[in-house]
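Report on the structure
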Amino acid sequence: MTETSILMEVKNVFKAFGEDWEREKVVENLNLDIKRNQLTAIVGPSGCGKSTVVNLLAGFESPDSGQIMMEGGAVSGPSKDRLVVFQETALMPWLTTYQNVTFGPKLRGDMPARSLKEAADRIIDTVGLREFKDKYPLQLSGGMQRRAELARALINQPLVMIMDEPFRGLDAMTRQLMQEFYLRLCEEEARTNVFVTSELEEAIILADSLVVLSNRPTTVREVIQIDLPRPRNLNMLSSPEAYDYKRHAMEMLHEEALKSFSGTESGSDFLKSYAQQP
Amino acid sequence: MAQATPNTQKSKSRIGKLVSNVTFWRGVVAILVFLALWEIGAQWKGWFGYMMPFVGKVAPPTDVIAIWMEVGQQPGYWLSWWLSSVRVFVGFLAAMIIGIPFGLAMAVNKYFRGIFFPPFEILRPIPPLAWVPASIIFWPTTEMSIMFITFLGAFYTIVINVLGGARSIDVQYLRAAQSMGASQWDLFYKIILPGTLPSIFVGAAVGMGITWEVVLAGEMMSGGGQQGGGGLGFFIWGSYMGGVMDQVIVGMISIGVAGYISSSLIRYLGHVCMPWRRMF
Ligand SMILES: Nc1ncnc2c1ncn2[C@@H]1O[C@H](COP(=O)(O)OP(=O)(O)OP(=O)(O)O)[C@@H](O)[C@H]1O
Ligand SMILES: [Mg+2]
């Protein structure tokens, strides 16, 4: 069995943006444990503050109150231990695929040149980009860019990989391929992973534990342990267990998503007219 | 060595590419048509006995070329080219050397920006030519004062472009680098510098154009004294004063050519320095 003690702990975190009169609470009273060698999937309605949670975990933003702990110490800024894959592609446009992948290790100088080259070639092979090694990001398709970004993240072997909707914006087919690919990757080698997504099925098939966030100001609505057997594949989504998880989480998400509609007048009108339909 | 073969093939085919390039021929045809229209317009009076407005008063291209051939044999003409080019080059280089670090410093440090941006913004709207009297007094030689106003012409544009370019770098790149362990210096050298490069070249291209404008005006105003004399601007002014209108046109076209060569050089440098932009 791999060790699954707690690696990161989010304690009563509160975060708001803006000046007093237009101050907007985004995260309120957030409590969350990230366990070692597990994939913690975070789902929430669109705009609820998922990326803000990612920024807090990574240390790009600091909580207004509360604490984020990692291995007993408080998180006070970005660090190579917590690597982030962003919602939007953040490959450096001026570097080739290979240069992007080796960016981190070269920067830190913590890998001898020979083994860096080997590791980079291996990882670029793994994500199937060998022929695109010397191409620039703008010469890659959207799916390839995401894979290049995964490679760039994986080579650093961070203590936690934090991924913010890494497959968003890909077409359905590519997205499915990426999910299968990532599933395989996770099952080959254990790593601690926070995976934020707005796709419930993606979350269920990847996750060891599924965190459902509430609407803004966001907090943890429920944590669901996903006990689907491993190795997994996308077909398992049609199993009765997966269906139960999905229905349960879907109900919560639906409720939360409706809150952001009913908050506004036009939103409640929309709901009313929706309800009146036969 | 494996790399060498495709490279030589590439450069061999470059001329071939140019010859078969539609855009290239479109440009050539456009220039020829323009010259033909000019010729016809200027010759109208001789051919049809009635003068075309505007164009009719100008010497036809054939005359201009003839004069150019003559002028081209005078060392003074080439000296003017040389003098103007040196002034442009020195002023422009100084603007790059001072402007790029200055713009970057304002972009990355809010204290530096807080102190230097307001005076910079007040000085910026002053046209370089308004500096002519002051700089003639200020600098010991006319030559230096011309170079100084050339410098000013490019400086503001370069600084504004560098500042804008560096400030608009996506924060995502900085964050990505930070979460891979980048220090402040790494962020500067590995993200901000390459990320600003396209804006630096935009600033350089625009600044170079302004530099030519300014150097000519500076030369015209400072007159043809021994110290600050010569230069294409003075060549035009002198020709005009001497009533040699054909020579004025030669001077004008010379500037056009000089400007075109300069901006081509900058484009070429941009091409070399930013390989990731080559596919456009
Ligand atoms: N730096 C910031 N300054 C001001 N407001 C912010 C900032 N970052 C986030 N917000 C606000 O926080 C709220 C949540 O944004 P966030 O991007 O975290 O949501 P999300 O769940 O990731 O959305 P999406 O599903 O679209 O990715 C938004 O209303 C946004 O306006
Ligand atoms: Mg988001």
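1. What about the interface of chain B and chain A?
A common way to state how big an interface is: give the accessible area lost once the parts meet. Contact residues are listed per partner, giving 19 residues for chain B and 25 residues for chain A. In this assembly, chain B packs against chain A so that about 2000 Å² is buried in total across both faces, 71% of it on carbon and sulfur atoms. Glu61(A) is paired through a salt bridge with Arg175(B); the nearest N and O atoms lie 3.7 Å apart. Across the contact surface, chain B and chain A share 5 residue pairs in polar contact (both at pLDDT 80 or more). Looking at the side of chain B that touches chain A, the elements that each hand over two or more residues are helix 8 (171-178) and helix 9 (184-222) of chain B. Top element by residues in the side of chain B that touches chain A is helix 8 of chain B. It accounts for 6 residues. Counted by class, the side of chain B that touches chain A contains 11 nonpolar, 5 polar and 3 charged residues.

2. What to know about the site of ligand 1
Residues and elements named next belong to chain A. Residues in contact with ligand 1 amount to 15 residues; listed here are only the nearest, Gly49, Lys50, Ser51, Thr52 and Gln87. Thr52 places a side-chain nitrogen or oxygen 2.6 Å from an oxygen atom of ligand 1. Between ligand 1 and Glu165 there is a distance of 3.3 Å, counted from an oxygen atom to a side-chain nitrogen or oxygen. The set of elements that each furnish at least two residues to the shell around ligand 1 consists of strand 2 (24-35) and helix 1 (50-58). Considering every element that reaches the shell around ligand 1, the biggest residue donor is helix 1, with 3 residues. Of the residues assigned to the shell around ligand 1, the class counts are 3 nonpolar, 6 polar and 6 charged.

3. Digging into the packing of helix 2 (residues 22-48) of chain B against helix 3 (residues 61-71) of chain B
All names here are of chain B. Orientation of helix 2 relative to helix 3, taken along the N-to-C sense of each, is 100°, at an axis distance of 8 Å. Classed by the angle they form, the pair helix 2 and helix 3 counts as roughly perpendicular. Here Leu35, Trp38, Glu39 and Gln43 of helix 2 lie close against helix 3, whose contacting residues are Pro61, Thr62 and Val64. Residues of the contact of helix 2 with helix 3, tallied by class, amount to 4 nonpolar, 2 polar and 1 charged.

4. Quick notes on the packing of helix 9 of chain B against helix 11 (residues 245-273) of chain B
All names here are of chain B. In the contact formed by helix 9 and helix 11, the axes pass within 10 Å of each other and the chain directions differ by 165°. When the axis of helix 9 is compared with that of helix 11, the two are roughly antiparallel. For the crossing formed where helix 9 meets helix 11, the hand is right-handed. The segment helix 9 lies against helix 11, with Leu197, Phe201, Ala204, Ala205, Met208, Trp212 and Leu216 engaging Ile255, Ala258, Gly259, Ser262, Ile266, Leu269, Gly270 and Cys273. Each residue belonging to the contact of helix 9 with helix 11 can be placed in one class, and the counts come to 12 nonpolar, 3 polar and no charged.

5. Describing the domain arrangement of chain B
Residues and elements named next belong to chain B. Per the domain assignment, the segments making up chain B are domain 1 (21-58) and domain 2 (60-279). Summarising the inter-unit geometry, the C-alpha centres of domain 1 and domain 2 are found 32 Å apart. Both sides together, the interface formed by domain 1 and domain 2 hides about 490 Å², and carbon and sulfur atoms give 75% of it. It is Trp38, Glu39 and Val58 in domain 1 that bury the most area against domain 2; as a group they hold 77% of the surface buried on that side. The tally of links from domain 1 across to domain 2 stands at 0 salt bridges. Where domain 1 meets domain 2, there are 1 residue pair in polar contact (both at pLDDT 80 or more). Counted by class, the side of domain 1 that touches domain 2 contains 4 nonpolar, 1 polar and 1 charged residues.

6. Regarding the sheet that holds strand 4 (residues 65-70) of chain A
Residues and elements named next belong to chain A. Pairing is antiparallel across the open sheet formed by 4 strands, whose spatial order is 2-1-4-5. Looking at the sheet topology across the chains shown, the edges are occupied by strand 2 and strand 5 (73-74). Two strands pair when backbone bridges link them, and strand 1 (residues 6-17) and strand 2 are joined in this way by 8 bridges, in the antiparallel orientation. When the sheet's bridge partners are listed, Phe17 is paired in strand 2 with Glu24.

7. What to know about the environment of Pro133(B)
Looking at the secondary structure, you find Pro133(B) in helix 6 (residues 132-138). Note: C-alpha distance between Pro133(B) and Met221(B) (88 residues apart in sequence) is 9.6 Å.

8. Remarks on the nonpolar core
As a rule of thumb, nonpolar side chains are buried together in soluble globular proteins. Met8(A), Tyr182(A), Leu210(A) and Ile191(B) are the most contacted members of the largest nonpolar core, which has 150 residues in total. Tallying contributions element by element places helix 7 (residues 142-167) of chain B first for this core, with 13 residues. Residue contacts for Ile191(B): discarding those within four places in its chain leaves Met92(A), Trp94(A), Phe103(A), Ile169(B), Tyr173(B), Leu174(B), Ala177(B) and Asp186(B).

9. Here's the deal with helix 4 (residues 113-126) of chain A
All names here are of chain A. With 14 residues, helix 4 extends 20 Å from end C-alpha to end C-alpha; this agrees with the ideal 20 Å at 1.5 Å per step. All buried positions along helix 4 are accounted for by Leu116, Ala119, Ala120, Ile123 and Ile124. With its buried residues spanning 130° around the axis, helix 4 presents them on a single face. Away from its buried face by more than 90 degrees, helix 4 exposes Arg114 and Arg122. Residues of helix 4 that are buried in the fold lie against helix 2 (97-101), helix 3 (103-108) and helix 5 (142-154).

10. Some points on the coordination of the magnesium ion (ligand 2)
All names here are of chain A. Taken together, the protein ligands of the magnesium ion (ligand 2) are Ser51 (OG) and Gln87 (OE1), with distances of 1.9 to 2.2 Å. Of the two residues, Ser51 sits in helix 1 while Gln87 sits in the loop between strand 6 (82-85) and helix 2, which places them 36 residues apart along the sequence. On the basis of relative accessibility, which here comes to 27%, the residue Ser51 falls in the partly exposed class. Of the residues examined, Gln87 reaches a relative accessible area of 14% and is grouped as buried.

11. Observations concerning the sheet that holds strand 6 of chain A
Residues and elements named next belong to chain A. Pairing is mixed across the open sheet formed by 6 strands, whose spatial order is 6-7-8-3-9-10. At either margin of the open sheet sits one strand with a lone partner, and together these are strand 6 and strand 10 (220-225). On average, each strand axis in the sheet is inclined to that of its neighbour by 15°, with strand direction left out of account. In this sheet, strand 10 lies alongside strand 9 (residues 209-213) in antiparallel orientation, the contact comprising 5 bridges. Bridging across to strand 10, Val212 finds its partner in Glu222.

Quick notes on the rules
Residues numbered from 1 in each chain as written. Chains lettered and ligands numbered in written order. Predicted model: local features only at pLDDT ≥ 70, side-chain atom pairs only at ≥ 80, totals over all residues. Heavy atoms only, no water. Contact = heavy atoms within 4.5 Å. Buried area = accessible area lost by both parts, 1.4 Å probe. Salt bridge = Lys/Arg side-chain N within 4 Å of Asp/Glu carboxyl O. Polar contact = N/O pair within 3.5 Å; in protein donor to acceptor, adjacent residues only side chain to side chain. Helix = DSSP H or I, 4+ residues; strand = E, 2+ residues; numbered from the N terminus. Nonpolar A, V, L, I, M, F, W, Y, C, P; charged D, E, K, R; others polar. Near = heavy atom within 4 Å. Axes fitted to C-alpha atoms, helices over the stretch in contact; angles between N-to-C directions. Parallel < 35°, antiparallel > 145°, perpendicular 65-115°, else oblique. Left-handed = near helix turned anticlockwise from the far one by under 90°. Domains from an automatic or database assignment. Pairing = 2+ DSSP bridges. Core = buried A, V, L, I, M, F, W, Y, C linked by side-chain atoms within 4.5 Å. Buried < 20%, exposed > 50% of the residue type's maximum accessible area, 1.4 Å probe, protein only. Expected span 1.5 Å × (residues − 1). Arc of directions from axis to C-beta. Donors = N, O, S within 2.8 Å, 3.2 Å for Na, K, Ca; no water.

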